[in-house]
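A look at the structure
Letter by letter, the chains look like this.
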Amino acid sequence: MALLELRNVSKIYHLGGEEIRALDDVSLDLDQGEFVSIIGPSGSGKSTLMHILGCLDSPTLGNVVLAGTDIANASARELARVRNRTIGFVFQFFNLLPKLNVLQNVELPMIYAGIGSRERRERAEKALEMVELSHRLKNRPNQLSGGQQQRVAIARALVNNPKIILADEPTGNLDTHTGELILALFRRLAAEGRTVILVTHNPEIAAVTPRRIEIRNGKIAHQVDSKLAGLDRVSKAPNEGQAS
Amino acid sequence: MSLELPRISSSDLSLQDLPVGKTSLGNAVVVGLKEIWAHKFRSALTMLGIVLGVSSLVAMSAMVQGMENGQREALLAIGGLQKVRMEAQRVPVEQRHLRDLARGMTLADVEALKAGVPDIEIIAPEMRLDLDPTLQANGKFHRTFMTGGVVPEKVKIMEHEVEHGRMFNDIDASEARPVCVIGTGIRDELFGRPEDAGSEVIPLGRIMTINGQPFTIIGMFKRYEGEQDRKQRLEREVERQKLISEGKAPPKGPVRGQGRSGNFAFWIKNNTVYMPLNTMWHRFQSGLSNAPAEPRLSNIELKVRDFSQIEQTLTKIRNIMMVNHRGIEDFAFRTFEDWSADIDRFVKNARMSGGLIAGISLFVGGIGIMNIMLASISERIREIGIRKAVGAGGLDIFVQILVESVVIAVVGGVLGLAFSRFVVLGITWVAPTGNDPVITSGAMALSFGFAVVVGLVAGIFPAVKAARMDVIQSLRYD
Ligand SMILES: Nc1ncnc2c1ncn2[C@@H]1O[C@H](COP(=O)(O)OP(=O)(O)O)[C@@H](O)[C@H]1O
Ligand SMILES: [Mg+2]
């Protein structure tokens, strides 16, 4: 059984009477420990897909099954709880709270998990040690470089020990070298058994993941999974003739 | 440079042993305080309304409390609620044809009441001059309407205390001696104030004329004053002694705030001149061509033993008086229950109007808080989005915003309580009253409670708004 399954998921927006299918009948299985990239041009529906995978949003149609439980119609409260315990987010613009120091930023998810302050501090320090930022605990985010900020964000994503890490253009604001370091960190996390989902428009970055899912116009246009050696699992959307 | 692989694995962050709990309120309070500290100036401006509201509420109730205390003090000073006063009055219109039969109140009434109403503890008749008499002594003049011929019991009813000399007695009365006992107010006017003289002025044995007739002063009452006047006077006295011991001349003449006693009851008591009733009768009335055959009393004051029985006692007194006066109602009752009720009504009204003003101030303060919280959440849309993304529920955000709002109100409330002392000082400095304001802990607790409620109510709308924000849109916002 897959860790996360999408079954015929559609997300439909209505803009001035016009119907926009940001996601159009998408079905997808993600297993534990997979390192996946979701790729596609701007406006193709990557972010929408990520929001649904990350339980930030519910689909208009279809089912989202997380570890055997359908959460397509879960309440906002239940989704918040799933995000807190099961999913870690890493964003393009880091999304750290500027008024909190590094340690406090990393402690944030644990506050909402109801973890006591001593244990919060211990775990946050551990997570920051993992991303090699133990020496910057009391710094504010704006005192750190982009790469360091993104590592703080990763520590924050990890601190509640989530099964899934979702990263939306995590290297988009970093130089190539720093970006590579961050990607190495993600690879490591996947190797440890977490499902890491990387959303990007950059094929070079997508190339680091064994499995790549290409989105166009809200549909899965093309999938490559190099782990299935020889077979080179390829799927094409029926109405999409030429996949890149 | 390559990233050294982490020495520590992320699997060390196993969540199996993680306890599940609730967001702690203490944490929300800390976040709230930090937020306020981060916007010190803005928060201070916002708190101002609450500070003013709370301090004016406390100050107002302190003023009212002070006035109430002063009034009750005065009520006690003139004999308390047990005192009943019967005043001679003109024959009512519908009884005008019986006018010739009306003798007014006489000593016979006093005797009849003494005999017929055991509930009367003390009874004291008084005879006054029709016109305020002129007092003259020491080359100075003074007029006072509180000049009366009385019996020695009058001292008890009026809660007088002879401090120097003696009260006149039966012999003084039966011989109609020209003796009198005066209050310190009369002394101040005719013989000078001790503050100016530098020592107590006791004019015992001195001659004072009343409407030209010489009287010997045989006694002087103590000085009556409210609690606050007494305190101020003693302070001034200490100050004066210090100056003297330092070899400097003490200041003469009136001092600021002196003689300003707002309490009329004490002023009246100090401006009393008493002579024996019989003296009054013989020296001022019996010789007049239209004098009645026996002394006509201006009023009879009496004190009942048991205030709870006052209605029955009053009925008895009235019956006896009516019989004695052949049904002619040439007397009227006055009790001080009316005054007491007046005090209650005054206190209630003052509280209401003061409370209204303070309430408006708190209301405006509440609007200020709501305004600032709305501004605050629209500045922090992204923060709210991030908090929600990492697992904050709507309730968590709601509590956070509400706590911030309440914290502003609580801090404002505490400052307001501290500030109220200065408001009270300021008011008494600008407009001194005879009654020191009294800040009660009840008023402080109530005002503070109001402030907290205002903070709560003002925070609800912004908190709901923040809690309902869409997480995706908040995250995108910049
Ligand atoms: N809240 C929304 N309201 C209306 N249309 C939306 C909304 N969010 C996304 N869309 C539309 O859905 C499509 C997919 O958007 P998105 O998932 O953000 O694409 P990507 O992240 O790949 O750029 C776009 O056409 C976008 O305009
Ligand atoms: Mg996008």
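Not measured: the values here are computed from a predicted model.

**Regarding the environment of Ser447 of chain B**
All names here are of chain B. Topologically, Ser447 is positioned in helix 15 (residues 441–468). Judged by relative accessible area, which is 1%, Ser447 ranks as buried. Separated by 21 residues in the primary sequence, Ser447 and Gly426 place their C-alpha atoms 19 Å from one another.

**Things to note about the pairing of strand 5 (residues 147–150) of chain B**
Across a regular strand the side chains alternate sides, sitting on one face of the sheet and then on the other. Residues and elements named next belong to chain B. The side-chain alternation of strand 5 yields two buried faces, one formed by Thr147 and Gly149 and the other by Gly148 and Val150. Bridge analysis of strand 5 against strand 10 (residues 273–276) gives four bridges, and the strand direction is parallel. Within the sheet, the bridge partner assigned to Thr147 lies in strand 10 and is Val273.

**Observations regarding the nonpolar core**
The biggest cluster of nonpolar side chains holds 84 residues, and the ones touching the most others in it are Leu6, Ile38, Leu53, Phe89, Ile164 and Leu166 of chain A. If one sorts the elements of this core by residue count, helix 2 (residues 40–77) of chain B sits on top with 10 residues. Filtering out sequence-adjacent residues up to four positions away, Leu6 of chain A remains in contact with Val26, Ser27, Leu28, Leu49, Ile52, Leu53, Asn63 and Val64 of chain A. In this structure, Leu113, Ala137, Ile182 and Val201 of chain B belong to the second largest nonpolar core, which totals 43 residues.

**Section: helix 2 of chain B**
All names here are of chain B. Taking 1.5 Å of rise per residue, the 38 residues of helix 2 would be expected to cover 56 Å, and the 53 Å separating its terminal C-alpha atoms lies within 8% of that figure. Residue Met47 marks the point of greatest curvature in helix 2, where the axis turns by about 35°. In the segment just after helix 2, Gly79 is the residue with positive phi, at about 120°.

**What to know about the site of ligand 1**
By nearness alone, every residue bordering ligand 1 is listed as Tyr13, Ala22, Pro41, Ser42, Gly43, Ser44, Gly45, Lys46, Ser47 and Thr48 of chain A together with Arg476 of chain B. In this structure, ligand 1 sits where chains A and B come together, each supplying nearby residues. Within the backbone of Ser44 of chain A, a nitrogen or oxygen atom sits 3.2 Å from an oxygen atom of ligand 1. In the complex, the protein chains occlude 70% of the 560 Å² of accessible area that ligand 1 would expose alone.

**Concerning the environment of Gly147 of chain A**
Residue and element names in this part refer to chain A. Tracing the backbone shows Gly147 in helix 5 (residues 146–158). According to the relative accessible area criterion, Gly147 is buried, its value standing at 6%. Separated by 87 residues in sequence, Gly147 and Thr60 have C-alpha atoms that sit 36 Å apart. Residues within four places of Gly147 in sequence aside, it is in contact with Leu174, Thr178 and Ile182.

**Topic: the domain arrangement of chain B**
Here the domain parsing of chain B yields domain 1 (25–73 + 343–476) and domain 2 (79–225 + 263–335). Using C-alpha coordinates to define each centre, domain 1 of chain B is positioned 56 Å away from domain 2 of chain B.

**Considerations on the packing of helix 12 (residues 337–379) of chain B against helix 15 of chain B**
Residue and element names in this part refer to chain B. Running from amino to carboxyl end, helix 12 crosses helix 15 at an angle of 30°, the nearest separation of the two axes being 9 Å. Accordingly, the angle class assigned to the pair helix 12 and helix 15 is roughly parallel. Crossing of helix 12 against helix 15: the hand is right-handed. Residue-level contacts link Leu362, Gly366, Ile369, Met370, Met373, Leu374 and Ile377 of helix 12 to Phe450, Ala451, Val454, Gly455, Val457, Ala458, Phe461, Pro462, Lys465 and Ala466 of helix 15. In terms of residue class, the contact of helix 12 with helix 15 is made up of 14 nonpolar, two polar and one charged.

**Focus on empty space enclosed by the protein**
The final tally for this structure, using the stated rule, is three cavities of 30 Å³ or more. Looking at the largest cavity, its volume works out to about 90 Å³. Glu35, Ile36, His39, Arg42, Ser43, Thr46, Ile372, Met373, Ser376, Glu404 and Ile408 of chain B together form the lining of the largest cavity. Its residues placed into classes, the lining of the largest cavity shows four nonpolar, four polar and three charged. Lining the second largest cavity are Arg83, Asn84, Ile87, Gly88, Phe89, Pro109, Arg156, Ala157 and Asn160 of chain A together with Val390 of chain B. Put simply, the parts of the chain that give the lining of the second largest cavity at least two residues each are helix 2 (76–86), strand 6 (87–90) and helix 5 of chain A. Take the lining of the second largest cavity: its biggest share by element is three residues, from strand 6 of chain A.

**A word on the confidence of the model for chain B**
Residue and element names in this part refer to chain B. When pLDDT is averaged along chain B, the result is 82, and 90% of the positions lie at 70 or above. Taken as a whole, residues 14–21 scores under 50 in pLDDT and shows 20 contacts with residues more than four places along the chain or in a different chain. Considering only residues more than four positions removed or in separate chains, one finds that residues 254–262, a stretch of pLDDT under 50, has 11 contacts. Among the prediction metrics, the complex's ipTM stands at 0.90, with pTM recorded as 0.71.

**With respect to the packing of helix 14 (residues 394–430) of chain B against helix 15 of chain B**
All names here are of chain B. Close contact between helix 14 and helix 15 brings their axes to 7 Å; oriented N to C, the two are set at 150°. Taken as axis vectors, helix 14 and helix 15 run roughly antiparallel relative to one another. For the element pair helix 14 and helix 15, the recorded crossing hand is right-handed. Grouping the amino acids of the contact of helix 14 with helix 15 by side-chain chemistry returns 21 nonpolar, five polar and no charged.

**Focus on the side chain of Thr209 of chain A**
Residue and element names in this part refer to chain A. With respect to the secondary-structure elements, Thr209 resides in the loop between helix 7 (203–206) and strand 9 (211–216). A polar contact of 3.0 Å, which involves the side chain of Thr209, links it to the backbone oxygen of Ala206. With near-sequence residues (within four places) excluded, Thr209 lies in contact with Phe35, Val36, Ser37 and Leu198.

**What about helix 14 of chain B?**
In a regular helix each residue adds 1.5 Å, so 37 residues correspond to 54 Å; helix 14 of chain B covers 51 Å between its end C-alpha atoms and thus fits that length. Roughly 30° is the biggest bend found in helix 14 of chain B, and it falls at Phe419 of chain B.

**Focus on the sheet that holds strand 5 (residues 69–70) of chain A**
All names here are of chain A. Taken in spatial order, the four strands of this open sheet run 2-1-4-5, and their pairing is antiparallel. Two strands in the sheet have a free side with no partner beyond their single neighbour: strand 2 (18–30) and strand 5. Inspection of the sheet shows strand 1 (residues 4–15) paired to strand 2 by nine bridges, in the antiparallel sense. Along strand 2, the bridge assignment pairs Glu5 with Asp29. Contacts between helix 1 (residues 46–53) and the sheet are confined to strand 1, strand 2 and strand 4 (61–66), with strand 1 contributing the most and set at about 125° to the helix.

**Observations regarding a nonpolar patch on the surface**
Residues and elements named next belong to chain B. On the surface, Phe41, Leu45, Leu48, Leu52, Phe419, Phe422 and Leu425 cluster together to form a nonpolar patch covering roughly 760 Å² of accessible area. Elements with a minimum of two residues in the nonpolar patch: helix 2 and helix 14. Sorting elements by how many residues they give to the nonpolar patch places helix 2 first, with four residues. Among the structural elements, Leu425 can be located in helix 14.

**So, the pattern of salt bridges**
Residue and element names in this part refer to chain B. For the structure shown, the criterion picks out 32 salt bridges over all chains. Note that Glu379 and Arg42 form a salt bridge whose closest N and O atoms lie 2.9 Å from each other. Residue Glu379 is located in helix 12, and its partner Arg42 is located in helix 2; the two are separated by 337 residues in the primary sequence. Look at Arg42 and you get partly exposed, because its relative accessible area is 22%. Close ionic contact of Asp172 with Arg166 constitutes a salt bridge, the shortest N to O distance being 2.7 Å. A residue is classified by how much of its surface remains accessible, and Asp172, at 0% relative accessible area, is buried. Owing to a relative accessible area of 36%, Arg166 belongs among the partly exposed residues under this scheme. A single network of salt bridges, built from pairs that share partners, joins Lys83, Arg85, Glu87, Glu126, Arg128, Lys154 and Glu301.

Procedures and definitions
Residues numbered from 1 in each chain as written. Chains lettered and ligands numbered in written order. Predicted model: local features only at pLDDT ≥ 70, side-chain atom pairs only at ≥ 80, totals over all residues. Heavy atoms only, no water. Helix = DSSP H or I, 4+ residues; strand = E, 2+ residues; numbered from the N terminus. Buried < 20%, exposed > 50% of the residue type's maximum accessible area, 1.4 Å probe, protein only. Pairing = 2+ DSSP bridges. Core = buried A, V, L, I, M, F, W, Y, C linked by side-chain atoms within 4.5 Å. Contact = heavy atoms within 4.5 Å. Expected span 1.5 Å × (residues − 1). Bend = angle between axes of the 7 residues up to and from the residue. Near = heavy atom within 4 Å. Polar contact = N/O pair within 3.5 Å; in protein donor to acceptor, adjacent residues only side chain to side chain. Areas by Shrake-Rupley, 256 points an atom, 1.4 Å probe, with all protein chains shown as cover. Domains from an automatic or database assignment. Axes fitted to C-alpha atoms, helices over the stretch in contact; angles between N-to-C directions. Parallel < 35°, antiparallel > 145°, perpendicular 65-115°, else oblique. Left-handed = near helix turned anticlockwise from the far one by under 90°. Nonpolar A, V, L, I, M, F, W, Y, C, P; charged D, E, K, R; others polar. 1 Å grid on protein atoms, 1.4 Å probe; cavity = no way out; pocket = protein on both sides within 12 Å on 5 of 7 lines; lining within 4 Å. Points joined across faces, edges and corners; volume = space filled by probe spheres on them. pLDDT = per-residue confidence, 0-100. Patch = residues over 30% accessible without salt bridge, like charges linked within 9 Å, V, L, I, M, F, W, Y side chains within 5 Å. Salt bridge = Lys/Arg side-chain N within 4 Å of Asp/Glu carboxyl O.

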